[in-house]
Each structure stands twice: as C-alpha cells, then as structure tokens.
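Overview (structure and organization)
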Amino acid sequence: MATRTFFIRIASYVLLVLVSAVSLLAYAKNKNNHKVCFNGYCFKVELAVTKSEREKGLMFRGYLAKDSGMLFIYKYKGIYPFWVKNTKIPLDMIWINRKKQIVFIKKNASPCSQDKCMLVYPDKPAKYVLEINSGSAGKIGLKLGEKLSFYNIP
C-alpha cells in the first residue's frame, strides 16, 4: 500500500511539473507577441509600462527592425511629451487615446545626443505612445483619427 501511495505522489508531482512547464512556455510565447496593427499591417512591439521602462524607451539602440516598435502605456490619459535623447534611430511617434485612435503624430523625430533635446508636446491627451522607424507612419497611411488594433496588450 505504501508503495502505491509513493508512486501516486511521484506521478502527481511529475504531472504538476509538466503542467507548470507547459504553462510557462505558453506565457513566454505570448509575452513577446504584442502587436499594434492598422489596415492589415502590424508592428511587433515591446511594451514600456513601468516608469523606468518608459524613461529608457529606445535609448542607445542602433537598430529597430522594420516591423517593430515600442508601445508606451500609461495608466491615465494625459499630455505626455517625448524626446529622442540618446536615441540613435530617427522615429515616428504616434500618440493614441484610450479608444485606440491616433490623436497626434510626430514624424521623423531626429536623434539627439546633446544635453538639451527638444521635447515634442502632443496637442491632445493620450494613453499610449507608439514609436516606430521614421517614415513608417507615412508608408502605411497613418493619419489623425485613424483607429489602431491592439493584440495581446493589456
């Protein structure tokens, strides 16, 4: 009887480990599968949710893949100014409201490595800011008022 109980416990433990491993792999797969889409064109985005993630942003990166970007997520809507200090890549910046509509676009924000860099102030409140490679917004036709789709984004 003791041997049977021992094997049941071992089998239960192995099953628990396997289920945990599968769950962890599924989470890891989806964790990096965030997308912002417009008219069938999608950007795979990294999320900047915490204050430190938003402060760092795309600083010091020398390359951003063609279909990639970074989505800055704020808890509340507001006027969030951005700059490109220590960013090595020219960017298009798109401010998006909670309804996922574009409220402001800054095209071709040039990199800045000086101590004082110009801030870009949107003229309307936003909850999200999307940074993508310079020229991408124009290529896919992003305009004020257009609605974006978010996938796997909290």
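The sections below set out a description of the structure shown in this document. Keep in mind it's a predicted model, so treat the numbers as computed, not measured. Position numbers for residues start from 1 in each chain and track the written sequence from start to end. Per-residue local features of the predicted model are confined to residues with pLDDT of at least 70, and side-chain atom pairs are confined, for both listing and counting, to 80 or more; whole-chain, interface and lining totals are unaffected and use all residues. Side-chain calculation: all heavy atoms of the structure are included, whereas hydrogens and water are not.

1. So, the pattern of salt bridges
- Whenever Lys or Arg places a side-chain nitrogen within 4 Å of a carboxyl oxygen from Asp or Glu, that contact is recorded as a salt bridge. Per the counting criterion, the structure on display carries 3 salt bridges.
- A salt bridge links Arg 61 to Glu 46; the nearest nitrogen and oxygen atoms lie 2.6 Å apart. You can see Arg 61 sitting in the loop between α2 (51–56) and β3 (68–78) and its partner Glu 46 sitting in strand β2 (residues 41–48), a full 15 residues away along the chain. Going along the chain from the N terminus, every DSSP run of H or I of four or more residues is numbered as a helix, and every run of E of two or more is numbered as a strand.

2. Here's the deal with a positive patch on the surface
- On the surface, a cluster of positive charge is contributed by Lys 77, Arg 98, Lys 99 and Lys 147.
- Tracing the chain through its elements places Lys 147 in the loop between α3 (136–140) and β7 (149–151). Patch membership requires over 30% relative accessible area and the absence of a salt bridge. Like charges are linked within 9 Å, and nonpolar side chains (Val, Leu, Ile, Met, Phe, Trp, Tyr) within 5 Å. Methods summary: accessible areas were calculated by the Shrake-Rupley approach with a probe of 1.4 Å, and residue burial reflects only the protein chains presented. Only four residue types enter the tally: Lys and Arg on the positive side, Asp and Glu on the negative side, with His and both chain ends excluded. Note on charges: their place is set at NZ of Lys, CZ of Arg, CG of Asp or CD of Glu.

3. Side note on the state of the cysteines
- We call a pair of cysteine sulfur atoms a disulfide whenever their separation is within 2.5 Å. In total, this model carries 2 disulfides according to the counting rule given.
- With its sulfur 1.9 Å from that of its partner, Cys 37 forms a disulfide with Cys 42. An S-S torsion of about 110° defines the bridge between Cys 37 and Cys 42 as right-handed.
- Accessible area is worked out with a 1.4 Å probe on protein chains only. A residue is then buried under 20% of its type maximum, exposed over 50%, and partly exposed in between. By relative accessible area, Cys 42 is classed as partly exposed at 29%.

4. Description of the pairing of strand β5 (residues 102–109)
- Pairing geometry for strand β4 (residues 91–96) and β5, over 5 bridges, is antiparallel. Looking across to β5, one finds that Leu 91 is bridged to Ala 109.
- Between the end of β4 and the start of β5, which pair antiparallel, lie 5 residues, with Lys 100 showing a positive phi angle near 70°. Strands are treated as partners if at least two bridges between them are detected by DSSP.

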